[in-house]
Structure formats: structure tokens, C-alpha cells
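Structure at a glance
Below, each chain spelled out in residue letters.
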Amino acid sequence: MKYVYSGAAALLISTAPALAGGIDRSGQFLGPLWEPGDYAEFSWTLAKPTLSTNTLNLGAGPSNTGDVAGTYNSVGLAYKKQFNENFSGAVMFGQPFGSDISYPGAADGGSLYLQGTGAEIDTQEVVGVVRYVFPQSGFGVHGGIRALSTSAKADLGGAIWDARGIDGYHLDIDRETDFGWLAGVSWEKPEIAARIALTFNSSITHDFDTTQSIMGMQIAPEDITEVKMPKSVNLEFQTGISPTMLVLGSIRWVDWSEFKVRPSALGGTSLTHFEDSTTYTLGVAKKFTDQWSGAVSFQYEGGGDGVGTPLSPYEGRKGITLAAIYTQDNLKITTGISYVRLSQSDVGIGDPGERLVVGETDDRKGWGVGVKVGYSF
């Protein structure tokens, strides 16, 4: 049985996290590394989340924030080289993390309590990884280097922040590039298209140059904000259950509790409060003809403590992804569409233990579409 489904498995994973734990977007999976022979790949994903919050009556009556989540897209590139029967390597580019939250003003249908609040986080990552498969055993090891480039900005606006004297607060974080590593093990049995792979991604610590202001006036000297991008563990698996059908899935755990953004002017209070996330994906792929295959998968992620923040007003999700794969000679084109339903959660501000609940999520869903083009040499 050939690995005709590897593109389906990778796309089911990569298009699903339209809204995943923390600020996760790509899942950091190593799909191209498992492709046979020499291989090149381009992928593109578009996600349209919808998020709104019903604020509590905090003095000016209850209100709804309107949609606060921005549409985003991401691209991926990969090249894998098979040096010999046992040794291979790959270089991959992706955008693993990100955020695009903006609360509209009250005049535009938003809430007085949070108008002007928002955050943007942009990341770009280059991964270099090598793999060695032990002869006649199916077992392999892989490892490599991750270079992560990150920039961000955040705004706090509205009556909630005005009561704390920081309405109009703006945080600007300059782009910083730092390095981490990955390591893993795998086992394959090509006769039944079986594979299981476990990968650990180290945390990466950024020391960001930071500027802080309120209403355009700088309120603190430019300084350094240390932020740790979280470590994670990915488990990928698949096996054939008939000559034309495959079961596939993944489990991803991310240590989001170590991701804290504590600007000096806020007295040590973090702008982010995420629970560790574990995301489960399970699906099936079916080959219909020599050219056409299809796949469906389901995703589940628990809701943590059930309290999000204005800059990430959700926790937990359920989703479904459909994919179609067209193969012609060395070319493989995979398309997919995902729908995600987010869990109900409260929205709070302040550190855990001192958190003030200011609302609860209302409309909470997301759509994602993706295209992956792969060519084997």
C-alpha cells in the first residue's frame, strides 16, 4: 500500500486549527518529512473566525462587543531530500502562532467596556530536520533546529481599562528571532501504510525590545520583555484498514501556561492567561480511484478552566474537516475545508486568583479552507 494519503493527513491537521489552543495555528506537524523520495510542497490556508462577547452590566448596562476576530491566511513551504535509503532531511517554512483580535468602538456596534482593545501577533518559522531510519526495522529517529521570528502589539481600551487607569495603553514589541530544537522517534510499516511518530518541540525564549505608551505618550523607558514561546509534543499516527482505506489521527499537547506577556508598566500582570491545551484529531481517508481520494476528520480540545481573556476570548473547541486529494503522476493537490465550534467560556481580566469576570462568549465559530500542492521527484 503506497502512502497516497500522506497529503490528506497533513492537510486535515493543518487546516483544522482555525482557532486552536492559545495562539496555535499550524500545529507544527512534519508532514513533508514522511513523503517518499524527494518532495516539494506549497500550502495556503485561510481562516475566518467569528467571536463576540456579551459583557456584564458593569455600570453602563450590558452590551455585546460585536465580532472581534480578524480573518487571516498563512502559507507554508517545504522541501524534502532523500539522501539514501535510510537518511533524509527537510527544510520547512510556516507561521505556527498568531493572533488578530480587535474590539470595535461603540459607534460601530461594539461595547463601551472594551472598545479599542486588541492584539496582533505574527510569527514566521524555519525548521531544518534530518531523519535516519534503521535498516529493516521500520524504526527511525529525527531531530533538528527551529528558528522562530515573532513580533506583536497590543492595545487596552474601553471603560474596563479606564477604571484601572490604563485606557489607551499600547504595547509595541519589536521583531525578535531566536532558536529552539526538536527531536522525535517514528515507526513505519509501508505494507499496510502504518506509521506512528512522536515529536517534541522545545520552548523558545524571546527577549523583546518593548515600547509602552498611553494615548500616544510613552509611559516607561524602552526595555526588555521576556516571553517564552511554549514547548509542545505531537503524536501522529495512521494505518491502513483495507487496500483503499486509512485511519489517521494526531494528539497535540502545548504548554501554554508558560506563555506570559508581562510588560513592566503593568506591574507584572500578564496580558495572556492560557491553560495548557491537548488537541485530538481522528479521521479516515478513502481512495476512490487512481486519481481521487477523500478524507474526513474530527477535532476535539478541552475547555481548560472555562475562562478566556479579552485578547483570547475562548477556550476549547470541536471541529470537522473534509478534504479531497487529486493525484496525477508526481503531482498531488489536496484541498480541505474546516468548521470549528468554540466552547462557551467566561471572559475575565487580571491574574488567576484575582480575576474579574467581565462577560461571556456569544457567537463563537470559525471556518478554514486550505490548499496543498505537492510534487515528488
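Everything discussed here concerns the structure shown above.
Please read all numbers here as calculations on a predicted model, not as lab measurements.

Describing the overall build of the protein chain
Regarding its fold elements, the protein chain presents 2 helices and 21 strands. For 377 residues, the compact-globule estimate of 2.2 N^0.38 gives 21 Å, and the protein chain sits close to it at 22 Å. In terms of its C-alpha atoms, the protein chain occupies a principal-axis envelope of roughly 70 × 40 × 30 Å. Of all 377 residues assigned to the protein chain, the portion counted as buried reaches 51%. For the protein chain, the computed accessible surface area is about 15700 Å², with 59% contributed by carbon and sulfur atoms. Distance between charge centroids for the protein chain: 10 Å, based on 27 positive and 41 negative side chains.

Observations regarding the side chain of Thr-123
Here Thr-123 is to be found in strand β6 (residues 118-133). Given the relative accessible area of 1%, Thr-123 is considered buried. Here the side chain of Thr-123 touches Phe-97 through a polar contact of 2.6 Å, landing on its backbone oxygen. In this view, Thr-123 contacts Gly-94, Gln-95, Pro-96, Phe-97, Leu-148, Ser-149 and Thr-150; residues no more than four positions away in its chain are not counted.

Digging into the packing of aromatic side chains
Counted by the stated rule, this structure contains 11 aromatic pairs. Residues Tyr-79 and Phe-377 carry aromatic rings whose centres are separated by 6.5 Å and whose planes lie at 70° to one another, so their mutual orientation is edge-to-face. Highlighted residues: Tyr-79 in strand β3 (residues 72-82) and Phe-377 in the segment after β21 (356-376), separated in sequence by 298 residues. Residue classification places Tyr-79 among the partly exposed residues on the basis of a relative accessible area of 38%. Relative to Trp-367, the ring of Tyr-339 has its centre 4.8 Å away and its plane inclined at 55°; by these criteria the two rings are tilted. Here Tyr-339, found in strand β19 (residues 331-342), pairs with Trp-367, found in strand β21; they are 28 residues apart in sequence, far enough to count as distant. Pairwise contacts between aromatic rings join Phe-97, Trp-256, Phe-259 and Phe-274 into one cluster. Across the ring face of Tyr-72, the terminal group of Arg-25 is positioned such that the distance to the ring centre comes to 3.4 Å.

Some points on the pattern of salt bridges
Think of it this way: side chains of opposite charge can pair up when their charged atoms draw near. All chains considered together, the criterion is met by 13 salt bridges. Across the salt bridge formed by Lys-81 and Asp-38, the nearest N and O atoms sit 3.2 Å from each other. Pair noted here: Lys-81 is in strand β3 and Asp-38 is in the loop between α1 (6-15) and β1 (39-55), with a separation of 43 residues, a long-range link. Residue classification places Lys-81 among the partly exposed residues on the basis of a relative accessible area of 29%.

A word on a negative patch on the surface
On the surface, Asp-174, Asp-207, Asp-209, Glu-222 and Glu-226 cluster together to form a negatively charged patch. Of note, Glu-222 is situated in the loop between β11 (217-218) and β12 (223-229).

A few points about a nonpolar patch on the surface
A cluster of nonpolar side chains, Phe-42, Trp-44, Val-75, Leu-77, Phe-298, Ile-320, Leu-322, Ile-337, Trp-367, Val-369, Val-371 and Val-373, forms an exposed patch at the surface whose accessible area comes to about 960 Å². Secondary-structure elements contributing two or more residues to the nonpolar patch are β1, β3, β18 (317-328) and β21. Among the elements that line the nonpolar patch, the one with the most residues is β21, at 4 residues. Along the chain, Trp-44 turns up in strand β1. Judged by relative accessible area, which is 30%, Trp-44 ranks as partly exposed.

Concerning the environment of Val-254
With respect to the secondary-structure elements, Val-254 resides in strand β14 (residues 245-254). Taking the relative accessible area as the measure of exposure, Val-254 reaches 1% and is therefore buried. Considering only alpha carbons, one finds Val-254 and Ser-277, 23 residues apart in sequence, at a separation of 5.4 Å.

Section: the nonpolar core
Grouped together as the largest cluster of nonpolar side chains are 39 residues, with contacts concentrated most on Ile-23, Met-229, Phe-259 and Leu-271. Every element with two or more residues in this core is listed here: β6, β7 (139-156), α2 (159-162), β8 (169-189), β10 (204-214), β12, β19 and β20 (346-349). Of the residues forming this core, the biggest block, 4 residues, is contributed by β7. Each residue touching Leu-271, except ones within four places of it in the same chain, is listed here: Ala-154, Leu-156, Leu-171, Val-261, Pro-263, Leu-266, Thr-309 and Leu-311. Residues Ala-90, Met-92, Val-127 and Val-129 belong to the second largest nonpolar core, which totals 10 residues.

Definitions and cut-offs
Residues numbered from 1 in each chain as written. Predicted model: local features only at pLDDT ≥ 70, side-chain atom pairs only at ≥ 80, totals over all residues. Heavy atoms only, no water. Helix = DSSP H or I, 4+ residues; strand = E, 2+ residues; numbered from the N terminus. Rg over C-alpha atoms; globule rule 2.2 N^0.38 Å. Buried < 20%, exposed > 50% of the residue type's maximum accessible area, 1.4 Å probe, protein only. Areas by Shrake-Rupley, 256 points an atom, 1.4 Å probe, with all protein chains shown as cover. Lys, Arg positive; Asp, Glu negative; His and termini not counted. Charge placed at Lys NZ, Arg CZ, Asp CG, Glu CD. Polar contact = N/O pair within 3.5 Å; in protein donor to acceptor, adjacent residues only side chain to side chain. Contact = heavy atoms within 4.5 Å. Phe/Tyr/Trp six-rings, centres within 6.5 Å; stacked < 30°, edge-to-face > 60°. Lys NZ or Arg CZ within 6 Å of the ring centre and 35° of its normal. Salt bridge = Lys/Arg side-chain N within 4 Å of Asp/Glu carboxyl O. Patch = residues over 30% accessible without salt bridge, like charges linked within 9 Å, V, L, I, M, F, W, Y side chains within 5 Å. Core = buried A, V, L, I, M, F, W, Y, C linked by side-chain atoms within 4.5 Å.

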